[in-house]
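# Tertiary structure, described
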Amino acid sequence: MSSLRTAPAKKPSRNRVKLIAAARRLFAERGYADVGTEEVVREAGVTRGALYHQFADKRDLFRAVLEEMLPEIGQRLYEETMARIGHDREDLQVGARVLLGIYAEPEVRRLFLIEGPAVLGLGDWKALQAPLSTLFLDHALRHLVEEGLIAESEMPSLNELLSGALQQAALGIAAAEDPEAARASYAAGLDRIIEGLMRG
């Protein structure tokens, strides 16, 4: 599986970096609704004007936090999957388990899975994270095509179906009282689906 990191854009301003870092810490600790922009500004050590020079509002700042997290999640997905597989055809099964494990971690679960859909709306949240699952699934499914386990014509529909399954698992982990138990349950279910594909 190729790395999911995107090419770096131009270097962000120092104030932007400070604001995103401060917002990420505060939102992860107490949640979006309980953190005001004045507190973010104070934590970042910048002026209120600097905040509104970089971001339209608190929601825009929160979106930037998630946009910072996405390539981090993608890189971890790549590295941890590569460390665990013995053959390329295992990308899909192992990668799905790795991704659900990342989703169950406290910061990712709080910011990305609980606050994300609530703050951005489910549609915007799905659109934001879609490139992560699409790239992962395209690459993993390509290996199954190369092994002759699925037809290339099946890739688009399987990508959509598996992406939906991963999104539903993410939301289930977010809502669960025991995220780790939910992760294990969804991982087992996805294993059953993926094993069927790998049997050809």
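Residues numbered from 1 in each chain as written. Predicted model: local features only at pLDDT ≥ 70, side-chain atom pairs only at ≥ 80, totals over all residues. Heavy atoms only, no water.

### Quick look at the overall build of the chain
Of regular secondary structure, the chain possesses 9 helices and 0 strands. Listing each helix as α and each strand as β along the chain from the N terminus yields α-α-α-α-α-α-α-α-α. In summary, the chain has a C-alpha radius of gyration of 18 Å against a globular reference of 16 Å for 200 residues, a match within 12%. In terms of principal-axis extent, the alpha carbons of the chain reach across some 60 × 40 × 30 Å. Looking at the chain as a whole, 46% of its 200 residues qualify as buried. For the chain, restricting intrachain contacts to residue pairs at least 6 apart in sequence, the fraction spanning at least 24 positions comes to 71%. (Helix = DSSP H or I, 4+ residues; strand = E, 2+ residues; numbered from the N terminus. Rg over C-alpha atoms; globule rule 2.2 N^0.38 Å. Buried < 20%, exposed > 50% of the residue type's maximum accessible area, 1.4 Å probe, protein only. Contact = heavy atoms within 4.5 Å.)

### Some thoughts on the pattern of salt bridges
Close approach of charged atoms allows side chains with opposite charge to pair. Counting across every chain of the model gives 16 salt bridges. Between arginine 30 and glutamate 39 there is a salt bridge; the shortest N-O distance is 2.6 Å. Take arginine 30: its relative accessible area is 32%, and that puts it in the partly exposed class. The class for glutamate 39 is partly exposed, based on a relative accessible area of 21%. Where arginine 48 meets glutamate 38, a salt bridge forms, and the shortest distance between an N and an O atom there is 3.1 Å. Within this pair, whereas arginine 48 is found in helix H3 (residues 48–54), its partner glutamate 38 is found in helix H2 (residues 37–44), the two being separated by 10 residues in sequence. Residue classification places arginine 48 among the partly exposed residues on the basis of a relative accessible area of 34%. With a relative accessible area of 44%, glutamate 38 lands in the partly exposed category. Three or more residues are tied together by salt bridges with common partners; here these are Arg24, Glu68, Glu72 and Glu107. (Salt bridge = Lys/Arg side-chain N within 4 Å of Asp/Glu carboxyl O.)

### Focus: the confidence of the model for the chain
This prediction gives the chain a mean pLDDT of 92; 94% of its residues lie at or above 70. When mean pLDDT is compared element by element in the chain, helix H1 (residues 14–30) scores highest at 97, while helix H7 (residues 122–146) scores lowest at 92. (pLDDT = per-residue confidence, 0-100.)

### Notes on the packing of helix H4 (residues 58–84) against helix H5 (residues 91–103)
For the pair H4 and H5, interaxial distance at closest approach is 9 Å and the crossing angle is 130°. When the axis of H4 is compared with that of H5, the two are oblique. Viewed along their axes, H4 and H5 form a crossing whose handedness is right-handed. Of the residues in H5, those in contact with Ile73, Arg76, Leu77, Glu80, Thr81, Met82 and Arg84 of H4 are Asp91, Val94, Gly95, Val98, Leu99 and Ile102. Its residues placed into classes, the contact of H4 with H5 shows 7 nonpolar, 2 polar and 4 charged. (Axes fitted to C-alpha atoms, helices over the stretch in contact; angles between N-to-C directions. Parallel < 35°, antiparallel > 145°, perpendicular 65-115°, else oblique. Left-handed = near helix turned anticlockwise from the far one by under 90°. Nonpolar A, V, L, I, M, F, W, Y, C, P; charged D, E, K, R; others polar.)

### Some remarks on the side chain of lysine 58
With respect to the secondary-structure elements, lysine 58 resides in helix H4. Here lysine 58 is buried and forms no salt bridge, its nearest opposite-charge partner aspartate 34 lying at an N-O distance of 7.9 Å. Within polar-contact distance, the side chain of lysine 58 engages the backbone oxygen of tyrosine 32 at 2.9 Å. In contact with lysine 58, not counting residues within four places along its chain, are Phe27, Tyr32, Ala33, Val35 and Thr37. (Lys, Arg positive; Asp, Glu negative; His and termini not counted. Polar contact = N/O pair within 3.5 Å; in protein donor to acceptor, adjacent residues only side chain to side chain.)

### As for the side chain of aspartate 191
If you trace the backbone, aspartate 191 turns up in helix H9 (residues 179–198). Judged by relative accessible area, aspartate 191 falls into the buried class, the value being 15%. Ignoring anything within four residues of it in the chain, the contact list for aspartate 191 reads Gln93 and Arg97.

### Focus: the packing of H1 against H2
It is the contact of H1 with H2, at a shortest axis distance of 8 Å, that shows an interaxial angle of 125°. When the interaxial angle is binned, H1 and H2 end up oblique. Handedness of the crossing formed by H1 with H2: right-handed. Where H1 approaches H2, its residues Lys18, Leu19, Ala22, Ala23, Arg25, Leu26 and Arg30 are matched on the opposing element by Glu39, Val40, Glu43 and Ala44.

### Observations regarding H1
Compared with an ideal rise of 1.5 Å per residue, which puts 17 residues at 24 Å, H1 spans 24 Å between its outermost C-alpha atoms and is within 8% of the ideal. Turning to H1, its buried residues are Leu19, Ile20, Ala22, Ala23, Arg24, Leu26 and Phe27. Residues of H1 that are buried in the fold lie against H2, H3, H4 and helix H6 (106–120). Glycine 31 sits one or two positions beyond H1 and adopts a positive phi of about 95°. (Expected span 1.5 Å × (residues − 1).)

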